[in-house]
Number of protein chains: 2
Amino acid sequence: MPKNETPGFAWFWEGLDQYLERMGLKQTQQRRVIVHHFLSIDSHVDADELHRQVNAEGHDVGLATIYRTLNLLTEAGLIEQKSFQDGRSVFEVAHPDSHHDHLICVECRNVVEFEDHEIEALQEAIAEKYGMELKTHRLDLFGRCLDKEACDGRKKILT
Amino acid sequence: MPKNETPGFAWFWEGLDQYLERMGLKQTQQRRVIVHHFLSIDSHVDADELHRQVNAEGHDVGLATIYRTLNLLTEAGLIEQKSFQDGRSVFEVAHPDSHHDHLICVECRNVVEFEDHEIEALQEAIAEKYGMELKTHRLDLFGRCLDKEACDGRKKILT
DNA sequence: ATGGCTGCAAAGTGTTTGCAGCGAT
DNA sequence: ATCGCTGCAAACACTTTGCAGCCAT
């Protein structure tokens, strides 16, 4: 597998290489495979799901390595860890500039990502009001699809 | 311990009694003790912390019972369960009208609760834009206390 | 060849559950 | 006297860690 097979994510691979170099760590077969799959998903995944997908493609990567790599990428600031419902965490690419939030349907679990500068401005104001310097935030909106048909369709696919 | 020792929370005790009755469940010594302590905190707690506090007062309630009671109260809609970022969940009284959000210091873990109607209005607008009916939301702001001294003080108390 | 990396399994978390006896109704 | 409730410990689900050998540098 070529090192940079994921189009549009050169910055990600570069960032990873830099981080590994800086920390005296090594690039490995497994890390490449994991990152490649992670990027090809380009949405949120949990460790288990990623593990399944990677190994479904014929590789044999241990779950522990998935976790270790996801933690490494989080440390490197390249991905972000979120916990939606409870129990498992999901990870997603940390797009450097545009932080996006989530709109989640409680029925079909479909997730839409959005961004709103007005809300972000208000958040800054709130943090300031309480004597804090804002670092990051998490905003999840939970609702129900108005398009019941599409919603039901997605619901059926759920395990 | 009298049944209704927590001032201002008559509605909570009543709601609990109603729920127990409706579901054919029983009021017990332990539940009373747990609820009493929970209400006297009137902030967010995790199961372990509540367990410690209850037993520090001379009671001998099992951790499993704490969990069972917290789940029961959640089912009853009297409290809400939230998961910030690490494993553990925290619980807080579900005030029927005013939903509040959280401002969390990443250093000392101190949590401030706030409420902002402007942001909530924007959230409604966003949900509508994406064809969804908003049910609820979660907004957590993560930052750093500007008052370093107070922050460090709280940090020391962390286990 | 060094020292980080991997898979495995074991250990850790936070939370839930099965069981036998206790206690509220 | 029911039948739910409790404490305990074992079971769980997700995640981390110790170890012996592997592999990138």
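Each remark here, short or long, concerns the structure printed above.
Here is what the cut-offs are and how they apply
Residues numbered from 1 in each chain as written. Chains lettered and ligands numbered in written order. Predicted model: local features only at pLDDT ≥ 70, side-chain atom pairs only at ≥ 80, totals over all residues. Heavy atoms only, no water. Near = heavy atom within 4 Å. Polar contact = N/O pair within 3.5 Å; in protein donor to acceptor, adjacent residues only side chain to side chain. Helix = DSSP H or I, 4+ residues; strand = E, 2+ residues; numbered from the N terminus. Nonpolar A, V, L, I, M, F, W, Y, C, P; charged D, E, K, R; others polar. Salt bridge = Lys/Arg side-chain N within 4 Å of Asp/Glu carboxyl O. Buried < 20%, exposed > 50% of the residue type's maximum accessible area, 1.4 Å probe, protein only. Expected span 1.5 Å × (residues − 1). Arc of directions from axis to C-beta. Contact = heavy atoms within 4.5 Å.

Caption draft 1: Inspection of the protein's contact with DNA strand D at higher detail. Taken together, 21 residues surround DNA strand D, and among them Tyr67 and Arg88 of chain A together with Arg31, Thr65 and Arg68 of chain B come closest. Sugar and phosphate atoms constitute 75% of the interface atoms of DNA strand D, taking the interface as everything within 4 Å of the protein. Separating a phosphate oxygen of DNA strand D from a backbone N or O atom of Ser89 of chain A is a distance of 2.9 Å. One of the side-chain N or O atoms of Arg68 of chain B is found 2.8 Å from a base nitrogen in DNA strand D. Looking at the surface near DNA strand D, the elements that each hand over two or more residues are α4 (63-75) of chain A together with α2 (29-41) and α4 (63-75) of chain B. For the surface near DNA strand D, the leading source of residues is α4 of chain A, giving 4 residues. A class-by-class count of the residues in the surface near DNA strand D yields 5 nonpolar, 9 polar and 7 charged.

Caption draft 2: Molecular detail of the pattern of salt bridges. Residue and element names in this part refer to chain A. Counting across every chain of the model gives 10 salt bridges over all chains. A salt bridge links Asp48 to Arg52; its shortest N-O distance comes to 2.8 Å. One end of the pair is Asp48 and the other is Arg52, both in helix α3 (residues 47-56) and 4 residues apart, which spans about a single turn. Given the relative accessible area of 46%, Arg52 is considered partly exposed. Lys82 serves as the salt-bridge partner of Glu92, at 3.8 Å between the closest nitrogen and oxygen. Pair noted here: Glu92 is in strand β3 (residues 90-93) and Lys82 is in strand β2 (residues 79-82), with a separation of 10 residues, a long-range link. Its relative accessible area of 10% is what places Lys82 among the buried residues.

Caption draft 3: View of the protein's contact with DNA strand C. Among the 20 residues in the neighbourhood of DNA strand C, the closest are listed as Arg31, Thr65 and Arg68 of chain A together with Tyr67 and Arg88 of chain B. Counting only atoms of DNA strand C within 4 Å of the protein, the fraction found in sugar and phosphate groups is 70%. In this structure, Gln30 of chain A approaches DNA strand C through a side-chain N or O atom, which is 2.9 Å from a sugar or linking oxygen. Contacts to DNA strand C include Arg68 of chain B, whose side-chain N or O atom sits 3.3 Å from a base oxygen. At the level of secondary structure, the elements contributing two or more residues to the surface near DNA strand C comprise α2 (29-41) and α4 of chain A together with α4 of chain B. Take the surface near DNA strand C: its biggest share by element is 4 residues, from α4 of chain B.

Caption draft 4: Summary view of α4 of chain A. All names here are of chain A. Its 13 residues place the ends of α4 18 Å apart at the C-alpha level, agreeing with the 18 Å of an ideal helix rising 1.5 Å per residue. Of the positions making up α4, those classed as buried are Ile66, Thr69, Leu70, Leu72 and Leu73. One side of α4 holds all its buried residues, which, seen down the axis, span an arc of 160°. Opposite the buried face of α4, at more than 90 degrees from it, the exposed residues are Arg68 and Glu75. In this fold, the buried residues of α4 make contact with α1 (10-23), α2, α3, β2 and β3. Two residues or fewer after α4 comes Gly77, characterised by a positive phi angle close to 75°.

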